[in-house]
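Here is how the chains run, residue by residue.
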Amino acid sequence: GSTGKGSQVDPRLVAGVLADAQQRRILSLVADGAAPLTERDLAVALAAREERKPTAQVTSEERRARRLRLHHQKLPKLESAGLIVRSSDSVRLVPSFPVDLSEFGVPLPSPEQTDDPRWDLVAALVARPYRQYIVSSLAEAPGSLTLGQVTERLLDADETDLTRAEVGAKALQTRLHHVDLPKLAALDVLSY
């Protein structure tokens, strides 16, 4: 099925897809195609890229293995994430990205740059959209912020989907300390 603007796509699903280098390679190959690719053509192109050889040298076993994985695992995930549309005879990219990345402050790498480390950052920000607010708050702060200040800013922000009623300050502070801030620090977005 196709994902329109009215559809809600789970950002964690998009993040999971973007965090997978092979999924990014598949997106790159689909984006490179002048016309929509068939699953067979995509399997040959994927095998050629992964095996680092011309498409004419891809064996039927290599093609078959990639095609099965594409059909049963990779393409359904890409389709569920709203990144591709597939039919019985073609695979193509959706016209626009299903998650709004305009405010992340990180330029989206092109699909051809499958190993670009910015994909890991995009995946982390898409997985939990309030992380973008954390990055913005820190960028706007005149100095460093304490964990308590970051927690309070998040709970007071209108832009996030976190509210005091749904997530208590202590629970959020624990999540920030153990998950979100170390993840963003590992991606060199902040120091913690």
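These numbers were taken from a predicted model, which means no experiment stands behind them.

A few words on the pattern of salt bridges. Taken as a whole and judged by the stated rule, the model has eight salt bridges. Here Asp20 makes a salt bridge to Lys74, at a shortest N to O gap of 2.8 Å. Here Asp20 is found in the loop between helix H1 (11–18) and helix H2 (21–32), whereas its partner Lys74 is found in helix H4 (residues 60–80), with 54 residues between them in sequence. Under the relative-accessibility criterion, Asp20 is labelled partly exposed at 22%. You can call Lys74 buried: its relative accessible area is 11%. A salt bridge links Glu39 to Arg86, with the shortest nitrogen-to-oxygen separation between them at 3.2 Å.

Phi angles above zero are rare outside glycine, and Arg52 is one such case at about 55°. Looking at the element boundaries, Arg52 is found in the loop between helix H3 (39–51) and H4. Overall, Arg52 belongs to the exposed group, its relative accessible area being 78%.

Let us now look at helix H6 (residues 130–140). Buried within H6 are the following residues: Tyr130, Arg131, Gln132, Ile134 and Ser137. Of the surrounding elements, those touching the buried residues of H6 are helix H5 (118–127), helix H7 (147–156) and helix H8 (169–186).

By the secondary structure assignment, Thr151 is in helix H7. Every residue in contact with Thr151, bar those within four places of it in the chain, is listed here: Ala169, Leu172, Gln173 and Leu176.

Here we take up empty space enclosed by the protein. Tallying each qualifying case throughout the model produces one cavity of 30 Å³ or more. One number sums up the size of the largest cavity: a volume of about 30 Å³. For the largest cavity, the full set of lining residues is Tyr133, Ile134, Ser137, Leu138, Leu145, Val150, Arg153 and Leu154. Elements represented by at least two residues in the lining of the largest cavity include exactly H6 and H7. Here the residues of the lining of the largest cavity sort into six nonpolar, one polar and one charged.

What counts, and where the lines are drawn
Residues numbered from 1 in each chain as written. Predicted model: local features only at pLDDT ≥ 70, side-chain atom pairs only at ≥ 80, totals over all residues. Heavy atoms only, no water. Salt bridge = Lys/Arg side-chain N within 4 Å of Asp/Glu carboxyl O. Helix = DSSP H or I, 4+ residues; strand = E, 2+ residues; numbered from the N terminus. Buried < 20%, exposed > 50% of the residue type's maximum accessible area, 1.4 Å probe, protein only. Contact = heavy atoms within 4.5 Å. 1 Å grid on protein atoms, 1.4 Å probe; cavity = no way out; pocket = protein on both sides within 12 Å on 5 of 7 lines; lining within 4 Å. Points joined across faces, edges and corners; volume = space filled by probe spheres on them. Nonpolar A, V, L, I, M, F, W, Y, C, P; charged D, E, K, R; others polar.

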